[in-house]
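Descriptive structure summary
Residue-level listing of the chains:
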Amino acid sequence: MADEHYDTAWPDALYALLREHGVTQFAYVPDAGHRVLINRSLADPDVKSVPLTTEEEGVALLAGADLGGQRGVLLMQSSGVGNCINMLSLTAGARFPFLTIVSMRGEFGEGNPWQFPMGQAAQKVLEAMEVICLKAETPADVIPVATAALTMAFQSGQAVAVLLSQRLIGAKKF
Amino acid sequence: MAKLNRISTHNLPEAVLDRREAVPALIPRPRDWLVVAGLAGSAQELCAMTDDGPNVFGLGGAMGAAPMMALGLALAQPERRVLCITGDGELLMNLGALATIALLNPPNLRLVCVDNGKYGETGNQDSHTGLGVRLDQIAAGAGIPATFAINTADEIAEGRRLLETESGLCFVLLRVKEGPALKRPRSLRPHVVRDRFRAALLPA
């Protein structure tokens, strides 16, 4: 687990994949599981990296990006999924393409009981708002799953979430 | 029920402007902008002012979305001028967006809040601004570089100058009395509005 937690091979490959697919707006709420993607986007002069005060801002930002012909991704933790619910009516109603990468809490090996209610509800909430969920459980899953999600979002116009399991990103120690 | 704290507004005159005259006076060329308009009055008004033009994405729900949608659009279209116009209730629902927009500071984005101090769509309850909350001061505190409050017809010209000629992000608070917005039938099918907006803006 510790080795996986500090593995930056898959996050670096994931960043490269997002850029190859033309993603240029990175919206995020700070999160340890996304720190490589966040830091890479901040250091990249060719993308806009947008720190949010709450995750629902990112849903609206990505809709605006699409109106202007750009592709974006929302990086958030599973607790942030709950903050997005009504804003996802914008995505569903206007059929905006939508891609989010969610680092999961409240599941595999979680040591903080506060994380369980939203962590366990995250996929149900996303699916209730018409967001398709794809799960990555191991480092080997990440690129194939993200590639599928990018195609579904930006070629087929769907709303898609990639759920990065706590088994993949490592459970925080308490 | 405890009474609400009516915040001191001794430095604000009573709102006198009619939005049906003040909004077109502030934005005389609405077709020149890419517009994201917040739900209810603002969306109705901009659709009426542009004859339901394709350059306007008017919201009918997703309350709180307008400022951040406008930010995403402004970042994607740096050569075009982008206008977010929304009401006090919509802006209050997502005040953090002002802080996020200030951090990004896109020079092509302008924010207008049509502040009637009421929740006009739901029975005209007082909004927080109607009880004294100052959105222009919140915007300034968030870091929006230029803010201006319009209380009288004489002040509209300065607001228009900020929107049209100043090169940079700004926030204009347009204080209006309660009353209806300009209105005409508009599409309430958001996927239709999205598709026509993109078709008019983006190369095929």
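Predicted, not measured: the structure shown is a model, and the values here were computed from it. (Residues numbered from 1 in each chain as written. Chains lettered and ligands numbered in written order. Predicted model: local features only at pLDDT ≥ 70, side-chain atom pairs only at ≥ 80, totals over all residues. Heavy atoms only, no water.)

Moving on, we get to the interface of chain B and chain A. One widely used convention gives an interface's size as the accessible area the parts lose upon coming together. Residue-level contacts link 28 residues of chain B with 29 residues of chain A. Taken over both partners, the interface formed by chain B and chain A buries close to 2,200 Å², and the fraction arising from carbon and sulfur atoms is 67%. We note a salt bridge from arginine 198 of chain B to aspartate 66 of chain A, for which the minimum N-O separation is 3.0 Å. Our enumeration of links across chain B and chain A arrives at eight residue pairs in polar contact (both at pLDDT 80 or more). Elements with a minimum of two residues in the side of chain B that touches chain A: α3 (66-76), α5 (96-104) and α8 (190-201) of chain B. Take the side of chain B that touches chain A: its biggest share by element is seven residues, from α3 of chain B. Classifying every residue of the side of chain B that touches chain A gives 19 nonpolar, seven polar and two charged. (Contact = heavy atoms within 4.5 Å. Buried area = accessible area lost by both parts, 1.4 Å probe. Salt bridge = Lys/Arg side-chain N within 4 Å of Asp/Glu carboxyl O. Polar contact = N/O pair within 3.5 Å; in protein donor to acceptor, adjacent residues only side chain to side chain. Helix = DSSP H or I, 4+ residues; strand = E, 2+ residues; numbered from the N terminus. Nonpolar A, V, L, I, M, F, W, Y, C, P; charged D, E, K, R; others polar.)

Residues and elements named next belong to chain A. One open sheet accounts for six strands, arranged β2-β1-β3-β4-β6-β5; its pairing is parallel. Unpaired on one side and paired on the other, β2 (48-51) and β5 (132-136) mark the two borders of the sheet. Direction aside, the axes of adjacent strands within the sheet are offset by 20 degrees on average. Inspection of the sheet shows β5 paired to strand β6 (residues 159-164) by five bridges, in the parallel sense. Residue pairing in the sheet places lysine 135 in a bridge with leucine 163 of β6. (Pairing = 2+ DSSP bridges. Axes fitted to C-alpha atoms, helices over the stretch in contact; angles between N-to-C directions.)

Tracing the backbone shows threonine 54 of chain A in the loop between β2 and α4 (55-67). Accessibility expressed as a relative area gives 17% for threonine 54 of chain A, which makes it buried. Beyond its immediate sequence surroundings of up to four residues, threonine 54 of chain A is in contact with Val29 and Asn83 of chain A together with Asn94 of chain B. (Buried < 20%, exposed > 50% of the residue type's maximum accessible area, 1.4 Å probe, protein only.)

Attention now goes to the sheet that holds strand β7 (residues 146-150) of chain B. Across a sheet, paired strands are connected by hydrogen bonds in the backbone, their directions being either parallel or antiparallel. All names here are of chain B. Pairing is parallel across the open sheet formed by six strands, whose spatial order is β2-β1-β3-β4-β8-β7. Looking at strand neighbours, the two that pair on one side only are β2 (56-58) and β7, the edges of this open sheet. This sheet shows a mean twist of 15 degrees between the axes of neighbouring strands, independent of strand direction. In terms of strand pairing, strand β1 (residues 34-37) meets β2 through three bridges, oriented parallel. Residue pairing for β2: valine 35 is matched across the bridge by valine 56. Along the sheet face, helix α7 (residues 156-164) touches β4 (109-115), β7 and β8 (170-175) and points at about 150 degrees away from the line of β7.

A word on empty space enclosed by the protein. All names here are of chain A. Applying the stated rule across the entire model yields three cavities of 30 Å³ or more. The calculated volume of the second largest cavity comes to roughly 40 Å³. Lining the second largest cavity are Leu62, Asp66, Gln70, Arg71, Gly72, Pro97, Phe98, Leu99 and Phe154. Every element with two or more residues in the lining of the second largest cavity is listed here: α4, β3 (71-77) and β4 (98-103). Across the lining of the second largest cavity, the residue classes break down as five nonpolar, two polar and two charged. (1 Å grid on protein atoms, 1.4 Å probe; cavity = no way out; pocket = protein on both sides within 12 Å on 5 of 7 lines; lining within 4 Å. Points joined across faces, edges and corners; volume = space filled by probe spheres on them.)

Put simply, chain A has an average pLDDT of 94, and 94% of its residues get 70 or more. Across residues 1-5 of chain A the pLDDT falls below 50, and counting only partners more than four positions away or on other chains, this stretch makes eleven contacts in the model. (pLDDT = per-residue confidence, 0-100.)

Residue and element names in this part refer to chain B. The geometry of α5 relative to helix α6 (residues 135-142) is characterised by a closest axis approach of 8 Å and an angle of 40 degrees between their N-to-C directions. Here α5 lies oblique to α6, going by the angle between them. The two elements α5 and α6 cross, and the hand of that crossing is right-handed. On the side of α5, the interface is formed by Leu98, Ala99 and Ala102, while α6 contributes Ile138, Ala139 and Ala142. (Parallel < 35°, antiparallel > 145°, perpendicular 65-115°, else oblique. Left-handed = near helix turned anticlockwise from the far one by under 90°.)

Before going further, it helps to examine the packing of aromatic side chains. Summed over all chains, the structure comprises two aromatic pairs over all chains. On the numbers, 5.9 Å between centres and 45 degrees between planes, the contact of phenylalanine 96 of chain A with phenylalanine 57 of chain B is tilted. Within this pair, whereas phenylalanine 96 of chain A is found in the loop between α6 (88-94) and β4, its partner phenylalanine 57 of chain B is found in strand β2, the two belonging to separate chains. Take phenylalanine 96 of chain A and phenylalanine 57 of chain B: they sit in the same class, and that class is buried. In this structure, arginine 81 of chain B is placed above the aromatic ring of tryptophan 33 of chain B, and the distance from its NZ or CZ to the ring centre is 4.1 Å. (Phe/Tyr/Trp six-rings, centres within 6.5 Å; stacked < 30°, edge-to-face > 60°. Lys NZ or Arg CZ within 6 Å of the ring centre and 35° of its normal.)

Take unusual backbone geometry next. For residues other than glycine, phi is negative in most cases, and the peptide bonds are mostly trans. A positive phi is found at glutamate 130 of chain A, a non-glycine position, where the angle reads about 70 degrees. With respect to the secondary-structure elements, glutamate 130 of chain A resides in the loop between α7 (116-128) and β5. Backbone geometry at asparagine 105 of chain B places phi at a positive 50 degrees, although glycine is not the residue there. Mapped onto the elements, asparagine 105 of chain B comes out in the loop between α5 and β4. Overall, the relative accessible area of 36% leaves asparagine 105 of chain B in the partly exposed class.

Our focus in this paragraph is α8 of chain B. All names here are of chain B. Between the first and last C-alpha of α8 there are 17 Å, a value that for twelve residues agrees with the 16 Å anticipated at 1.5 Å per step. Turning to α8, its buried residues number three or more, namely His191, Val193, Arg194, Phe197 and Leu201. Relative to the axis of α8, the buried residues are bounded by an arc of 160 degrees and lie together on one face. Exposed and oriented more than 90 degrees from the buried face of α8 are Ala199 and Ala200. (Expected span 1.5 Å × (residues − 1). Arc of directions from axis to C-beta.)

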